[in-house]
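# Chain and residue survey
In case you want the letters, here they are:
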There are 8 protein chains.
Amino acid sequence: KRKGFPEVIFGEGKTVDQLYEIFLRLKEKNDTVLATRVDAEKADRVQQTVADVQYNRDARTLLWKRQEGPRYPGYVAIVCAGTSDFPVAEEAAVTAEAFGCNTERIYDVGVAGIHRLFDQLDKIQQADVVVVAAGMEGALASVVGGLVSRPIIAIPTSIGYGANFGGLSALLTMLNSCSTGVSVVNIDNGFGAGYSAGVIIKNKYEKGI
Amino acid sequence: KRKGFPEVIFGEGKTVDQLYEIFLRLKEKNDTVLATRVDAEKADRVQQTVADVQYNRDARTLLWKRQEGPRYPGYVAIVCAGTSDFPVAEEAAVTAEAFGCNTERIYDVGVAGIHRLFDQLDKIQQADVVVVAAGMEGALASVVGGLVSRPIIAIPTSIGYGANFGGLSALLTMLNSCSTGVSVVNIDNGFGAGYSAGVIIKNKYEKGI
Amino acid sequence: KRKGFPEVIFGEGKTVDQLYEIFLRLKEKNDTVLATRVDAEKADRVQQTVADVQYNRDARTLLWKRQEGPRYPGYVAIVCAGTSDFPVAEEAAVTAEAFGCNTERIYDVGVAGIHRLFDQLDKIQQADVVVVAAGMEGALASVVGGLVSRPIIAIPTSIGYGANFGGLSALLTMLNSCSTGVSVVNIDNGFGAGYSAGVIIKNKYEKGI
Amino acid sequence: KRKGFPEVIFGEGKTVDQLYEIFLRLKEKNDTVLATRVDAEKADRVQQTVADVQYNRDARTLLWKRQEGPRYPGYVAIVCAGTSDFPVAEEAAVTAEAFGCNTERIYDVGVAGIHRLFDQLDKIQQADVVVVAAGMEGALASVVGGLVSRPIIAIPTSIGYGANFGGLSALLTMLNSCSTGVSVVNIDNGFGAGYSAGVIIKNKYEKGI
Amino acid sequence: KRKGFPEVIFGEGKTVDQLYEIFLRLKEKNDTVLATRVDAEKADRVQQTVADVQYNRDARTLLWKRQEGPRYPGYVAIVCAGTSDFPVAEEAAVTAEAFGCNTERIYDVGVAGIHRLFDQLDKIQQADVVVVAAGMEGALASVVGGLVSRPIIAIPTSIGYGANFGGLSALLTMLNSCSTGVSVVNIDNGFGAGYSAGVIIKNKYEKGI
Amino acid sequence: KRKGFPEVIFGEGKTVDQLYEIFLRLKEKNDTVLATRVDAEKADRVQQTVADVQYNRDARTLLWKRQEGPRYPGYVAIVCAGTSDFPVAEEAAVTAEAFGCNTERIYDVGVAGIHRLFDQLDKIQQADVVVVAAGMEGALASVVGGLVSRPIIAIPTSIGYGANFGGLSALLTMLNSCSTGVSVVNIDNGFGAGYSAGVIIKNKYEKGI
Amino acid sequence: KRKGFPEVIFGEGKTVDQLYEIFLRLKEKNDTVLATRVDAEKADRVQQTVADVQYNRDARTLLWKRQEGPRYPGYVAIVCAGTSDFPVAEEAAVTAEAFGCNTERIYDVGVAGIHRLFDQLDKIQQADVVVVAAGMEGALASVVGGLVSRPIIAIPTSIGYGANFGGLSALLTMLNSCSTGVSVVNIDNGFGAGYSAGVIIKNKYEKGI
Amino acid sequence: KRKGFPEVIFGEGKTVDQLYEIFLRLKEKNDTVLATRVDAEKADRVQQTVADVQYNRDARTLLWKRQEGPRYPGYVAIVCAGTSDFPVAEEAAVTAEAFGCNTERIYDVGVAGIHRLFDQLDKIQQADVVVVAAGMEGALASVVGGLVSRPIIAIPTSIGYGANFGGLSALLTMLNSCSTGVSVVNIDNGFGAGYSAGVIIKNKYEKGI
Ligand SMILES: Nc1ncnc2c1ncn2[C@@H]1O[C@H](COP(=O)(O)O)[C@@H](O)[C@H]1O
Ligand SMILES: Nc1ncnc2c1ncn2[C@@H]1O[C@H](COP(=O)(O)O)[C@@H](O)[C@H]1O
Ligand SMILES: Nc1ncnc2c1ncn2[C@@H]1O[C@H](COP(=O)(O)O)[C@@H](O)[C@H]1O
Ligand SMILES: Nc1ncnc2c1ncn2[C@@H]1O[C@H](COP(=O)(O)O)[C@@H](O)[C@H]1O
Ligand SMILES: [Mg+2]
Ligand SMILES: [Mg+2]
Ligand SMILES: [Mg+2]
Ligand SMILES: [Mg+2]
Ligand SMILES: [Mg+2]
Ligand SMILES: [Mg+2]
Ligand SMILES: [Mg+2]
Ligand SMILES: [Mg+2]
């Protein structure tokens, strides 16, 4: 009944059997089915059972679409700080794409080398929604927030060590951002950010919802 | 240069003199100036100096607009759990209105009496953006998230005691929400939620930004 | 001397030898012996030594009863949010049954799809005691608390990630619940909730204790 | 519609005007109205406006009953560790009484002088429900839990200093209790414990609910 | 130069080679050498190299004494709550014995079955020093503290789960104990408690130190 | 029945009336009565009612002794880091003196100027028990622990700011001390340290207890 | 004996009498005496007693110098994010000046308006040492760290609310900074940062220390 | 463009392929390339591909220098408390050496045996910068801070257990140090301390930067 929304499976802790059974059941009533947090081995075995499912090894997602429909105009910019934040950013990208959004990946633009960010600023400023993934101290979200007038969804990642406390450091940074227009999802929750971005784009371009 | 964005002053800890000086300065180059976290006494004295400034006693905001322009279509639904969360919700509402958004206040619909929420569900489901403010355990955000397909911005409030730890309880609830499409701002940050809502609406209805 | 109360062994960290020795010793003076947190491999070996012990693979419990006595009237409703909370809910169910209580399992009724909860509301409202197990943000306890007039025992589970902090999120939610009649046990403590439910039912229906 | 349940007002942060307006409104449709966390000064002024309201200075509660109905059989034992935990224990007692329960107060029986607890053990063991309030390290709940076969509701209080962290110490103690049959409410939440006790007694003695 | 004090090696993280080298070096200038936190496999290999070293499999200690001297009068009572706290209690016992103290082990006397504690109270009350090891909520330290007039050293153990947070719960309990005469060492620090007990006894019975 | 132990009143939160009533009652059956955490104003009014009570303005203690008996041999060294830790150290000193112990105060010997500590090392090393009070990072306890072979009781104080978190910093330091023979009491708990010191001395010098 | 180092008094919690007594005593043996955390009222009264003491109302410092000596070459850049961080930055500046350092204040250059920072980048890059004070999420330290090759000392301030937790947010940000060359002092510890900056400059330019 | 600064790779979580590709790329434009947190097995394989790379097994670093240039005058003293802190200290040493600094290692001088520290005090006091690595309670930083007038960079290590909470204890100690001139880096961040030391020395001895 939520037309055009992907149906999503939280893969963590599910067995292969559980995964493909849910997949098969959801395919019947939905146009798009997405599973997150699926490791490569399980993915392989689901793919043997369920036809036309695509696995993204970085994002660790399984995606099935009844048919590749048209994309919404505009795009989601997925900005990420370091190479280690890459999988979380990919999960966000795949999720937004499952909605029918275009995405632009702008990776490895952490604040330690801020000129790389400025090189790509135009592309970020012209996005419909901006997703920012960053670990360690997560300062990238504030910097982007200060430069961009679009809705920004920040994802703290658990990358770091010591007083990082499993992502707490980046989470607090993003919640306390002195820049405006930034809202936050759970640590490592690429899916949540991609979903919120998808909802914003869907609500922007779609009539009658 | 960020046209149509209100300029905002963080009033907490500022003296009356600082407040009206910044106010006067910002009025020159901006169409809308908003100050948050201003207590009644200070507000009174700013109003004596700066013409046409409106004080909202609940939201504790001072707002000045060069002229009352047209509103964007649609509206932001501001949903709040208990009477104590009211000031935070009002701060969000005033901030969204400073952007030129319409707002619908749907207050006192906490999950302890969930039928009150269902009575108003239509109005929430048809909003462009939904802001949810809740303290104590903050479960309202998850319930609304499960019922609504619009972008949802959740504000944990510091209302509560004991193991609430100054709003930590509601904050963690909202970050861990099992419902999709929910992103979160800082504890008691009505301003931040209203601002994000404003940005989403502005980006939806305005051409060429 | 606590007649009718099951004697319980905390299986975690105990060796197979310790487990069956305690089992054999407790069988002599008690009518019901329950061991919790026993993995399948150990359970198997205990069953080879101790006769008539039943292993519940989901709950990870070993249960021995001298004889299957009559059940108390009424029942404990065991409500649980997601499939991952299932083992904890089962531990609660088995423990209540060890007391001689009937149980009704109402699983997979998390707040993200609240209509599933409403479909089963009658069965929950007519229980003698309600146990609610939920992870992530644990909002289910508040929603049930608002709809039910029976004693409610809430179990936060450790299901989740990131700012969930090993179940802390759901624990705080449940302690701060704005709904009345909810009391809380330790994270993942299905045993404790089932035991409290058993005590309430025993005290309700049994004469002279 | 929840017949026989007191309607309750959370007094903290409410003005005198708000308090008596809610009081007057709730009196119309309910038989019992209870307000908690009301200080003496406000109470005084509410009493001037609303007839027949009783203020309990220790519990800081305002209670109105349409008529003094019959009490349920049995009683709630309210056990408390130190004199400083007294107000929280009183809040629990008043709340249980608002339900129509009898109460037995067993105060100042902390574990530092455990013989005082043993002197009163019979009265605790024969209660229908036991409420235990304790601050500092909250060990009393575990000791009572080990000696009593009745449902036990534990209230951690915020009494203490230093590594007590506002009641966290007693809260963790009670959640981790090695004794069975203990469930826990929020720090200082005498109301919640009294309410849960009331629900258990009501469900035990009342027909057809 | 600290005559009569055992020299101690912290075994955790040390290789076998490091262990026996330090052992051999320390044997030359000391009468007693103790290594803690040594697993069975490493112990075995150290014993092959260093003569006359005794391994205690429960305490995970290696102990060498130049000669078995006379013991001090009196004894240290080592009290422990559950079977899981046993290794920590043993580490305390072995350390006190390394000092030349007698020890009395009083194990499995947790507060859930408090009569077992009372059965052995005399032996505890007549000790020179009492060490109490307890996990989960650690209430045993307070109960013993209320019944005994001797110096009490409490060891929180990391036994437990959920809101136990790796021993934090028992640690806070013991620090906030309402009983007097209790001081506390680090979580699982059986060594520290045994050492403090040894120092107290040495200072009591030895002349001229 | 605990002969020779002072009876103690926790003054915090008690009214003047409560204080002197308890004082009068305890005087009848005890030889020594001590009240801690009593502010000057209340102390003044208690002294008007109860004869022969001495107030220590720094320690904030009220002490009554039936008669000034003989002191135990030896002494407790009370070592403290900064002038701000002084009141906590005094509370420890007064408590030990209430037991009949001699005390030596060695104040203002923090590790930032370690030579001051070395100047007084002899006096510390020859004490029967050493109490160390330190705030901020609390390193003094470790340094003393490394230099002294006597039982050491460490008191973290709440002196400091920022990441001191109300004494947490010094508490963790002392619990994790790499020096041996150090046990710890609650933050600011001068009383607890003085009591433990008193118990150790009493058990050392007194026959037949 | 530490020639050229200012002697420093921690003013917090000290009485006026204590302050000027210490001041007078320290003046005799030192060339520079600095007191921090002194409020205006106390400062006023100290100035009446001690000649030639200068009070800085923003930094809340009292400074006395025997004579205004020559300054070291170069300078400390004091960079600060928002107007609220100003007092902490001033404390750092005054402390560095007490050492004989020149200072350049670069204030109100938070990352929300990053162009203001770039406008002043030259002045920051050419400093000998850079001190960065920032509250809320503290991202400024990382941005400066990425742009500057000088030693950077970061001060988290307690400015903020909600999930800022008294400066914890900025503290964790700075400790986890992905930029190099950044070390951190305690929350609000302007003094500590100024002192470290002073030591670095003194060691750079002074011969023979 | 930051001439003379080593380029650094964060090895943790990188594959062998990623490591040597980055290494080869960075070698082209830099004179010094350093990789941290590389385990022995990966290091071995990188060394097979990239010529002239040196692996330090203790520090877990890979270092390549175009040519062994001249060293700066003076030295960095690397002070460390226990043998377990050794790898972190080595990481700091290797990083400082990558800058061209001389280093003096002063290891195993923890405060439990403070005389070993005093034996080496001269060497520490004459360093240009002092790095102090310590785990458990981290008191060494304060002791060194009190004895030395040079810039001190403190590294808390995660060595310890129980209430050490993964290095939190040492981190808080160092942030709250009562000694002056101490600034702090993240837990186990030997690299960060070595880098800051390198920057201080480079800025001291190099002209025109
Ligand atoms: N209530 C608020 N909570 C968080 N940030 C705020 C709030 N009000 C204003 N701000 C932010 O504070 C900035 C202004 O800070 P200031 O220059 O100190 O007045 C604005 O640009 C907003 O981004
Ligand atoms: N899953 C569980 N969680 C918490 N406590 C438990 C659990 N299972 C058993 N227990 C408690 O552990 C006690 C037995 O512990 P033990 O003697 O170590 O087997 C029982 O009396 C129960 O109170
Ligand atoms: N189990 C333990 N817990 C805490 N400290 C210990 C333990 N065992 C030994 N130690 C301390 O560690 C020191 C030796 O450390 P190390 O030089 O690393 O072997 C001894 O002097 C003891 O103070
Ligand atoms: N051990 C370490 N701890 C913290 N940061 C490091 C460490 N090693 C390298 N770095 C930083 O990580 C950056 C490189 O990250 P990457 O591009 O992921 O290799 C370097 O510029 C350093 O600032
Ligand atoms: Mg923005
Ligand atoms: Mg939704
Ligand atoms: Mg209810
Ligand atoms: Mg029980
Ligand atoms: Mg005692
Ligand atoms: Mg010692
Ligand atoms: Mg830098
Ligand atoms: Mg120094």
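Placed above this text is the structure.
Calculation rules
Residues numbered from 1 in each chain as written. Chains lettered and ligands numbered in written order. Predicted model: local features only at pLDDT ≥ 70, side-chain atom pairs only at ≥ 80, totals over all residues. Heavy atoms only, no water. Axes fitted to C-alpha atoms, helices over the stretch in contact; angles between N-to-C directions. Helix = DSSP H or I, 4+ residues; strand = E, 2+ residues; numbered from the N terminus. Left-handed = near helix turned anticlockwise from the far one by under 90°. Contact = heavy atoms within 4.5 Å. Nonpolar A, V, L, I, M, F, W, Y, C, P; charged D, E, K, R; others polar. Near = heavy atom within 4 Å. Polar contact = N/O pair within 3.5 Å; in protein donor to acceptor, adjacent residues only side chain to side chain. Areas by Shrake-Rupley, 256 points an atom, 1.4 Å probe, with all protein chains shown as cover. Salt bridge = Lys/Arg side-chain N within 4 Å of Asp/Glu carboxyl O. Buried < 20%, exposed > 50% of the residue type's maximum accessible area, 1.4 Å probe, protein only. Donors = N, O, S within 2.8 Å, 3.2 Å for Na, K, Ca; no water.

With that settled, consider the packing of helix α3 (residues 86-98) of chain C against helix α8 (residues 190-205) of chain C. Residues and elements named next belong to chain C. Between α3 and α8, whose axes approach to 7 Å, the crossing angle comes to 35°. The two elements α3 and α8 cross, and the hand of that crossing is right-handed. Note on element contacts: α8 touches α3 through G190, F191, G194 and Y195, opposite V88, E91, A92, T95 and A96. Per-class residue counts for the contact of α3 with α8 are 5 nonpolar, 3 polar and 1 charged.

Here the focus is the site of ligand 1. The immediate surroundings of ligand 1 are formed by C178(A), T180(A), V8(B), I9(B), F10(B), K14(B), T36(B), R37(B), E91(B), N189(B), F191(B) and Y161(G). Each of chains A, B and G places residues next to ligand 1. In this structure, F10(B) approaches ligand 1 through a main-chain N or O atom, which is 2.9 Å from an oxygen atom. Between ligand 1 and the protein, one listed contact pairs a nitrogen atom with a side-chain N or O atom of T36(B) at 2.7 Å. Compared with its free state, where it exposes 510 Å², ligand 1 has 77% of that area covered by protein. The biggest single contributor to the shell around ligand 1 is strand β1 (residues 7-10) of chain B, with 3 residues.

As enumerated under the stated definition, the model contains 71 salt bridges over all chains in all. D31(B) serves as the salt-bridge partner of R66(B), at 3.0 Å between the closest nitrogen and oxygen. Of this pair, R66(B) sits in the loop between β4 (61-65) and β5 (76-80) while D31(B) sits in the loop between α1 (16-29) and β2 (32-36), placing them 35 residues apart in sequence. Judged by relative accessible area, R66(B) falls into the partly exposed class, the value being 43%. Across the pair R105(D) and E97(D) runs a salt bridge, and its minimum N-O distance is 3.1 Å. A residue is classified by how much of its surface remains accessible, and R105(D), at 33% relative accessible area, is partly exposed. For E97(D), a relative accessible area of 17% translates into the label buried. Overlapping salt bridges bring together K65(A), E68(A) and R71(A) as one network.

Every residue close to ligand 2 is listed here: V8(C), I9(C), F10(C), K14(C), T36(C), R37(C), E91(C), N189(C), F191(C), C178(D), T180(D) and Y161(E). Each of chains C, D and E places residues near ligand 2. Within the side chain of N189(C), an N or O atom sits 3.4 Å from a nitrogen atom of ligand 2. Here Y161(E) contributes a side-chain N or O atom positioned 2.3 Å from a nitrogen atom of ligand 2. For ligand 2, whose accessible area on its own is 500 Å², the fraction buried by protein is 76%. Looking at the shell around ligand 2 element by element, the count peaks at 3 residues for strand β1 (residues 7-10) of chain C. Grouping the amino acids of the shell around ligand 2 by side-chain chemistry returns 6 nonpolar, 3 polar and 3 charged.

This brings us to the coordination of the magnesium ion (ligand 10). Residue and element names in this part refer to chain F. Here the magnesium ion (ligand 10) is held by G145 (O), V148 (O) and T180 (O), and the distances to it run 2.3 to 2.7 Å. Donor residues for the magnesium ion (ligand 10) sit on one chain with the sequence pattern G-x2-V-x31-T. Placement of V148 in the loop between α6 (140-147) and β8 (152-156) and of T180 in the loop between α7 (168-175) and β9 (182-184) is noted, with a sequence separation of 32 residues between them. Take V148: its relative accessible area is 2%, and that puts it in the buried class.

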